[in-house]
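So the chains spell out like this:
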Amino acid sequence: MTKTSNQMWGGRFAAGPDAIMEAINASIGFDKRLASQDIAGSRAHAAMLAAQGIITDKDAEAIREGLLTVLSEIDAGTFEFSTALEDIHMNVEARLKALIGEPAGRLHTARSRNDQVAVDFRLWVRDQCDAADEALTALMKALVQQAEAGADWVMPGFTHLQTAQPVTWGHHMLAYVEMLARDRSRFADARKRMNLSPLGAAALAGTSFPIDRHATAVALGFDGPTANSLDSVSDRDFALEYLAAASICAMHLSRFAEELVIWSSAQFRFVMMSDQWSTGSSIMPQKKNPDAAELIRAKLGRIFGANAALMMVMKGLPLTYSKDMQEDKEQVFDAADNLMLALAAMTGMVETMTPQRDNLRASAASGFSTATDLADWLVRELGLPFRDAHHVTGALVAAAEKKGCDLPELTLAEMKSVHDGIRDDVFDVLGVENSVASRMSFGGTAPARVREQVARWKEILE
């Protein structure tokens, strides 16, 4: 193999294919993030080997102490990672050997890097499910707080981004609480399914040593060991499930970020974003840009990309392990980083944003938002079939449009010209406050229903 640089590869590499092979093969640049999980797995494995009489208690103790030293060096930032040693597993083992000598060579008895990386990565993703749950809970609490403060604040509800019916601010905030609750349940479900230990599957076929896989599973907080050694080393469903849950959560965050961008605009003025989460313009002094919301909206695309990328890595792999699977971690690491950043930023924005109650109410009262209430009144009070009531209401909306006013501003005479049965008490249902108060069906926007849901969520989240 030549040592000369190949110009086709450019000047990035000082040597030839051997250097390129080292660069493409090494994963230490990113899998060093698995250091604490790798050492936890090794400590559990060494303790089990000693308990089973496969290695001596003396060697196990030396391994335990050596691994703690390695971990302290990594935590202190003094550990020197080597690309030549490829990955976190070999880097840790090489340092362990330098510290304790011969006993380090016995640590890898009855295991392979295949089951080692599988358990390390599973432990890391499990931790991310827990972190996502904690961050989601914080955001949900912030939304519930907003909902409680504005349980009876009226705002427009939209379909097609057109004014549809009046709703309450609290009801809108709680819609996102429901979404995020489903996200929490997805992460919890994924965590439950991934909580089995692949350690002890070895390279792919298990091992002839009398190991105790249940013991290492318990030591690492798993519910038990995985049941098939081939599947154990080739499975990355746990990472894909995490990414799937993260992608749906990211979609929810992006939808809310989009609303915050719209709501904080001069055209809507529904909310005022805190200065902490906004920026100015280099040339336009009046600008207050919702950059945090916009960055959330954009960054979350990386999570969708990670999900698709790992699917592509795994889709064509025969059992069991292939080196392609080294490409699993960077995608998940990046997705997890961006999800946690987005959740933290969104929580900060929700905690500090100021709803503009008067603007919300004024907008709710425009756009014929109580037309459905009028149609319902015609059905309830005059006994019209709903389709007929719909037609009458449409004619009244047309009359109001022609006059340049909203429905409550039509006179009774003008309404009676469309349908003679309309009475003066129709105006009782045309106010936006009356409209939202009447929506008492379970899950509806009435302030009383919103307060019930606020109380329920406060109890759940505590």
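This text goes with the structure placed above it.
About the thresholds
- Residues numbered from 1 in each chain as written.
- Predicted model: local features only at pLDDT ≥ 70, side-chain atom pairs only at ≥ 80, totals over all residues.
- Heavy atoms only, no water.
- Axes fitted to C-alpha atoms, helices over the stretch in contact; angles between N-to-C directions.
- Helix = DSSP H or I, 4+ residues; strand = E, 2+ residues; numbered from the N terminus.
- Parallel < 35°, antiparallel > 145°, perpendicular 65-115°, else oblique.
- Left-handed = near helix turned anticlockwise from the far one by under 90°.
- Contact = heavy atoms within 4.5 Å.
- Nonpolar A, V, L, I, M, F, W, Y, C, P; charged D, E, K, R; others polar.
- Pairing = 2+ DSSP bridges.
- 1 Å grid on protein atoms, 1.4 Å probe; cavity = no way out; pocket = protein on both sides within 12 Å on 5 of 7 lines; lining within 4 Å.
- Points joined across faces, edges and corners; volume = space filled by probe spheres on them.
- Salt bridge = Lys/Arg side-chain N within 4 Å of Asp/Glu carboxyl O.
- Buried < 20%, exposed > 50% of the residue type's maximum accessible area, 1.4 Å probe, protein only.

Colleague: Quick question: what am I supposed to make of the packing of helix α11 (residues 291-299) against helix α13 (residues 328-352) here?
Modeller: Their axes nearest at 10 Å, the elements α11 and α13 cross at an angle of 155°. Here α11 lies roughly antiparallel to α13, going by the angle between them. In this structure, α11 crosses over α13, and the sense of that crossing is left-handed. Contacts from Ala292, Ala293, Ile296 and Lys299 of α11 reach α13 at Asn338, Leu341, Ala342, Ala345, Met346 and Met349. Across the contact of α11 with α13, the residue classes tally to eight nonpolar, one polar and one charged.

Colleague: Got a minute to help me understand the pairing of strand β2 (residues 162-168) in this structure?
Modeller: Successive side chains on a regular strand alternate, one facing one side of the sheet and the next facing the other. As defined by bridge partners, strand β1 (residues 154-159) adjoins β2 across six bridges and the pair is classed as antiparallel. When the bridges of β2 are listed, Met155 appears paired with Val167.

Colleague: Can you help me understand the layout of surface pockets in this one?
Modeller: Empty space left among the atoms is revealed by rolling a probe the size of a water molecule over them. By volume, the largest pocket is sized at about 360 Å³. Among the elements of the structure, β1, β2, α7 (169-194) and α10 (237-263) are those that each provide at least two residues to the lining of the largest pocket. Element by element, the count of residues in the lining of the largest pocket is highest for α7, at five residues. Broken down by class, the residue content of the lining of the largest pocket amounts to six nonpolar, six polar and two charged.

Colleague: Before we go on, may I ask you to explain the pattern of salt bridges in this structure?
Modeller: Where charged atoms from two side chains of opposite charge approach closely, those side chains can pair. The tally for this structure, following the rule as stated, stands at 29 salt bridges. Arg184 is the partner of Asp133 in a salt bridge, and the nearest nitrogen-oxygen pair spans 2.9 Å. Taken together, the residues span a long stretch of sequence, with Asp133 in helix α6 (residues 113-149) and Arg184 in helix α7 at a distance of 51 residues. For Asp133, a relative accessible area of 26% translates into the label partly exposed. The closest approach of N and O atoms between Arg451 and Asp152, which form a salt bridge, is 3.5 Å. Taken as a pair, Arg451 in helix α19 (residues 447-461) and Asp152 in the loop between α6 and β1 lie far apart in primary sequence, 299 residues in all. Using a relative accessible area of 45% as the deciding quantity, one classes Arg451 as partly exposed. Using a relative accessible area of 33% as the deciding quantity, one classes Asp152 as partly exposed. Through salt bridges with shared partners, a single ionic network connects Arg380, Glu381, Arg423 and Asp425.

As far as function goes, none of this settles anything; it's purely spatial.
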